[in-house]
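# Summary of the model geometry
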Amino acid sequence: MNPSIPTAPPRLVEYFLTCGISQDSAAIPKDDRVPITNLDILSEKEFPPAGWEKVLYTISGNAGSLNGTSMFTTKLYIAIERDPNKNPITEVAVIFGNEPKPMGFLQLDVSLNKGGIGKDVYLCFTRTYPSGKYREVVVDLLLIQPKAGEKCPSDYMLVNKNLNAGSFRTPLFLCIKKNSESPLKMLWKPVVLDRYPFYDIKGSQFPEMVPLFCYPQGADVIVGDNPPLPKCNTFILTLVSGLKLYGVCINFHEIFTKERIDNAKAMNQANSDSIAEQSVDEESTTGTIALEQAIEIALTEGLRVWLPKTVCLVSYWPFYNTFMNYLIELWRLTLGTSSYPPERFLSNLWETPLPQNSRVNVQLSIANSKIIFDRPPPDTFPLADYGVDVVFRCLCIENIIKVLAALFAERKILLVTTHSTLLTPVSEAIFSFMFPFQWQYAYIPVLPTAVLGLDLLSAPMPVFVGITATAVDPKILANGSIVFVNLDEDMVRVFGDAVPQIPTQFTRTLIQELKDEAHVHHIPKIVNERKGKIGSEFLFKQLPAMDQSPREIFDPKAARAAFLHLTVSLLADTKHRTCLKFPHV
């Protein structure tokens, strides 16, 4: 325990809140960069003019040369211009040599395969857009190599033509990102809609940043017949004092009706005089008015509109699964016809004491479920109320060891996945494997990049940050000394200086113990068919597990014991512990 960090208060839970979009919300620009205004093809020896930049790398740092990396060809790269005084590009297309260019498009003269083997491939673009519609402008483009495990981020659009068509080179594809002027396609800064208790607890100020962690990419409005599935998420907020606040939340969407707009208009009219006297954020007010107008138009056209909403619990104690089970039952009660208001169940939770030791657990009933809070004995591992197996579902043992070596070497680590639900449990599991070591630097398993950006990765110190794949910036990977961990592809890449490896004699023993004692080789990987349901498993009936022998059942305590054996062995062996970074005295 670090003596400089105060002890967490002996309360089970601090705050409950709901958050989403309200009149106080401000629009988050999907990308604040100047739109792309021109494209060109430059050779490796050509320097881009002022205001231009070359696309040198793919999304995860592979070479971005268009015509291969052979020493016998002059490498070609896409170059982009961002000029605020020029009209932005609104669409990009790829055509092969025998295809006509799309109507209204401009075609670059240089083939992307110039000097190489393969078809002639050309880039085309236009600056026009359909009249009467919201304008969408191209703000970024990137390259991906699907065979290298790279995928088009969810907020980009894939131009589905292989830039290396007809050659033996690795398939290369272009992805473009657009900003829309339509309020229905914008991301919004979430705000607190309601909270319990309504006052700040003495010595524990209400954490105003929580809504940003509930929606790390920003809150979105959905137009369509069906909203996305509700998702469970977790996050950690480190306070100035060094204490950590642990959050669990359920994100879902509520249907928006014409009656809600009429009620909002009536409320605005009734309060117009008092609002005029107050200091208001003109930008956010204008934005939400535009959003209301866009929603009203969509409803008159017969479309269904869904607004984001989250219910969240915040505590100084990491009872992740237990709090989530409680929150799921509370959320289900609000969907039903319960005669009791949610505040009644919340007051019961606030009256529930924190278990003082491992000999006494605390039980709480909600609906037909029993919620049990239990703490581990002091002579065993710290509390880990989450599925330790999730890290083995995402990463192979060898890659977990690579991440652990990067932690021992105090490197910058970037954890990336398309499913934000995975970030906190995987991060917590990896850090539990460091026991008894503790990470002394910035630790943000879920970084709200929509508002805070990625500036933290440029800090001159070790950091551990988790982000969603849509926030990855290839330039940060190429220019920094970062260990890049892709959970979706089970991939670990080191950019910059090499990481000192844990000696083989220790890792060999670790792997054997994980297989023999913890049975990690029986843990199934997350298959593509199930990835869309990550975080939403509570919505589906779980089938009982088939009969398994004890040798096929994962033992989380044995897994943590195997890693403890590793750390103890490293400390005891003064000759081979060069992978550990000791403080200078």
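Residues numbered from 1 in each chain as written. Predicted model: local features only at pLDDT ≥ 70, side-chain atom pairs only at ≥ 80, totals over all residues. Heavy atoms only, no water.

## Quick word on the overall build of the protein
Put simply, the rule reads: A run of DSSP states H or I qualifies as a helix once it reaches four residues; a run of E qualifies as a strand once it reaches two. Both are numbered from the N-terminal end. Type-normalised accessible area, obtained with a 1.4 Å probe on protein chains alone, sets the label of each residue: buried when under 20%, exposed when over 50%, and partly exposed for intermediate values. A contact between two residues is defined here by any heavy atoms of the two lying within 4.5 Å. Here the Shrake-Rupley method, with its probe set to 1.4 Å, supplies the accessible areas, and only the displayed protein chains count as covering residues.
Scanning the protein from terminus to terminus reveals 14 helices and 25 strands. Each of the 585 residues in the protein was classed as buried or not, and the buried ones make up 49%. Taking the contacts inside the protein whose residues are at least 6 apart along the sequence as the reference set, 75% of them involve residues at least 24 apart. Total accessible area computed for the protein in this model is approximately 29,600 Å², and 54% of it derives from carbon and sulfur atoms.

## Quick word on the sheet that holds strand 10 (residues 157-159)
Strands in a sheet are paired, the pairing made by backbone hydrogen bonds, and the direction either parallel or antiparallel. This is how the line gets drawn: Strands are treated as partners if at least two bridges between them are detected by DSSP. Helix axes are fitted only over the stretch in contact, all axes being lines through C-alpha atoms; the angle between N-to-C directions runs from 0 to 180 degrees.
Taken in spatial order, the three strands of this open sheet run 9-11-10, and their pairing is antiparallel. The open sheet has two edge strands, strand 9 (136-144) and strand 10, and neither has a second partner. In this sheet, adjacent strand axes meet at a mean angle of 30° when their direction is disregarded.

## Side note on the pattern of salt bridges
Working definition: two side chains of opposite charge can pair if their charged atoms are close together. The criterion, for reference: For this document, the term salt bridge refers to a Lys or Arg side-chain nitrogen within 4 Å of an Asp or Glu carboxyl oxygen.
Taken as a whole, this structure holds 12 salt bridges when the rule is applied. For Glu 14, the salt bridge goes to Arg 11, with nearest N and O atoms at 2.9 Å. On the accessibility criterion, Glu 14 (1% relative accessible area) is buried. Salt bridges linked by common partners bring Glu 53, Arg 82 and Asp 140 together as one network.

## Some points on unusual backbone geometry
With an omega dihedral of -5°, the bond running from Tyr 196 to Pro 197 counts as a cis peptide bond. Among the secondary structure elements, Pro 197 is positioned in the loop between strand 13 (191-196) and helix 1 (210-214). Residue Pro 436 is reached from Phe 435 by a cis peptide bond, and omega for that bond is 10°. With respect to the element layout, Pro 436 can be found in the loop between helix 9 (423-432) and strand 22 (442-444).

## Quick word on the sheet that holds strand 2 (residues 27-28)
Overall, antiparallel pairing links the three strands, which are arranged 2-12-14 in an open sheet. Both outer strands of the open sheet, strand 2 and strand 14 (219-220), are each paired with one neighbouring strand and no more. Pairing analysis gives two bridges linking strand 2 to strand 12 (residues 187-188), with the strands arranged antiparallel. The residue bridging Ile 28 from the neighbouring strand is Leu 187, located in strand 12.

## Here we look at the nonpolar core
Inclusion rule: Here, nonpolar core means buried Ala, Val, Leu, Ile, Met, Phe, Trp, Tyr and Cys residues that are tied together by side-chain atoms lying within 4.5 Å of each other.
Judged by nonpolar contacts, the single largest core of 139 residues is most densely connected at Tyr 326, Phe 392 and Leu 514. The next biggest cluster of nonpolar side chains, apart from the first, holds 26 residues, and it includes Leu 39, Val 94, Leu 123 and Leu 141.

## Some remarks on the packing of helix 5 (residues 320-335) against helix 6 (residues 342-350)
Selection criterion: Between 65 and 115 degrees an angle is taken as roughly perpendicular, under 35 as roughly parallel, over 145 as roughly antiparallel, and anywhere else as oblique. Crossing chirality is assigned from the near helix's rotation relative to the far helix, an anticlockwise turn below a right angle marking it left-handed and a clockwise turn marking it right-handed.
At a closest axis distance of 10 Å, the pairing of helix 5 and helix 6 adopts a crossing angle of 160°. With respect to helix 6, the element helix 5 is oriented roughly antiparallel. The hand of the helix 5/helix 6 crossing is right-handed. Here helix 5 contributes Tyr 326, Leu 330, Leu 333 and Thr 334 to the contact with helix 6, which in turn contributes Pro 342, Phe 345, Leu 346 and Leu 349.

## Topic: helix 5
We apply this condition: Helix span, as expected, comes to 1.5 Å for every residue beyond the first.
End to end, helix 5 covers 23 Å across 16 residues, agreeing with the expected 22 Å (1.5 Å per residue, within 8%). Every buried residue of helix 5 is listed here: Tyr 320, Thr 322, Phe 323, Met 324, Tyr 326, Leu 327, Ile 328, Glu 329, Leu 330, Trp 331 and Leu 333.

## Some thoughts on the packing of helix 12 (residues 504-518) against helix 14 (residues 556-572)
Packing of helix 12 against helix 14 leaves a shortest axis separation of 9 Å and a crossing angle of 160°. Judged on the interaxial angle alone, helix 14 and helix 12 are roughly antiparallel. You can see that helix 12 and helix 14 cross each other, and the crossing is right-handed. Only Ala 558, Ala 559, Ala 562, Phe 563, His 565, Leu 566, Ser 569 and Leu 570 of helix 14 make contact with helix 12, whose side of the interface consists of Phe 506, Thr 509, Leu 510, Glu 513, Leu 514, Glu 517 and Ala 518.

## Digging into helix 9
Structurally, the α-helix is built with 3.6 residues per turn, so residues lying three or four positions apart point the same way. Burial within helix 9 is extensive, with 10 of its 10 residues counted as buried. Where helix 9 is concerned, the buried positions are Leu 423, Thr 424, Pro 425, Val 426, Ser 427, Glu 428, Ala 429, Ile 430, Phe 431 and Ser 432.

## A look at the packing of aromatic side chains
Within a pair of aromatic rings, the relevant descriptors are the distance that separates the centres and the angle that separates the planes. Test applied: Only Phe, Tyr and Trp rings are paired, with Trp represented by its six-membered ring, and only when their centres lie within 6.5 Å; those with planes under 30 degrees apart are stacked, over 60 edge-to-face, the remainder tilted. Sitting over a ring, as applied to charges here, requires NZ of Lys or CZ of Arg to be within 6 Å of the ring centre and within 35 degrees of the ring normal.
Applying the stated criterion to the full structure yields 20 aromatic pairs. Centroid distance Phe 392 to Phe 433: 5.9 Å. Interplanar angle 45°. Geometry classified as tilted. Residue Phe 392 is located in helix 7 (residues 389-394), and its partner Phe 433 is located in the loop between helix 9 and strand 22; the two are separated by 41 residues in the primary sequence. Of the two residues, Phe 392 and Phe 433, neither departs from the other in class, the shared state being buried. By the ring-pair criterion, three or more aromatic residues cluster together here, those being Phe 431, Trp 439, Tyr 441, Tyr 443 and Phe 464. Across the ring face of Phe 206, the terminal group of Arg 195 is positioned such that the distance to the ring centre comes to 4.2 Å.

## Description of the side chain of Thr 58
Keep this limit in mind: N or O atoms within 3.5 Å of each other form a polar contact, as long as, within protein, one can give a hydrogen and the other can take it, and as long as residues adjacent in sequence are counted only when both atoms are side-chain atoms.
Mapped onto the elements, Thr 58 comes out in the loop between strand 4 (52-54) and strand 5 (76-81). Among the polar contacts listed, one links the side chain of Thr 58 to the side chain of Glu 150, at a separation of 2.7 Å. Beyond its immediate sequence surroundings of up to four residues, Thr 58 is in contact with Ala 63, Gly 64, Leu 143, Ile 144, Gln 145, Glu 150, Leu 172 and Pro 474.

## Regarding the environment of Phe 563
Within the secondary structure, Phe 563 is located in helix 14. Take Phe 563: its relative accessible area is 1%, and that puts it in the buried class. Taking the C-alpha atoms as reference, Phe 563 lies 7.8 Å from Phe 435; in sequence the two are 128 residues apart. Once you skip the residues sitting within four places of it in the chain, Phe 563 turns out to touch Phe 392, Ile 400, Leu 404, Phe 433, Leu 510 and Leu 514.

## A look at the confidence of the model for the protein
Heads up, the condition is: A score between 0 and 100, pLDDT records how confident the predictor is in each residue.
Here the protein averages 81 in pLDDT, while 82% of its residues score no lower than 70. Across the protein, the secondary-structure element scoring lowest on mean pLDDT is helix 3 (residues 272-277), at 43, and the one scoring highest is helix 9, at 93. Here residues 270-285 is modelled with pLDDT under 50, and outside its nearest four sequence neighbours on either side it reaches six contacts, counting other chains as well.

## With respect to the pairing of strand 23 (residues 463-468)
Judged by how many residues are buried, strand 23 sits mostly within the fold: six of six residues are covered. Neither face of strand 23 is open: one carries Val 463, Val 465 and Ile 467, the other Phe 464, Gly 466 and Thr 468, and all of them are buried. Two strands pair when backbone bridges link them, and strand 21 (residues 412-417) and strand 23 are joined in this way by five bridges, in the parallel orientation. When the bridges of strand 23 are listed, Thr 417 appears paired with Thr 468. Bridging between strand 22 and strand 23 involves three bridges; their strand directions are parallel. Bridged to Ile 444 within strand 23 is Val 465.

## Details of the environment of Leu 142
Relative to the helices and strands, Leu 142 is located in strand 9. Among the residues examined, Leu 142 registers a relative accessible area of 2% and is labelled buried. Taking the C-alpha atoms as reference, Leu 142 lies 8.5 Å from Phe 173; in sequence the two are 31 residues apart.

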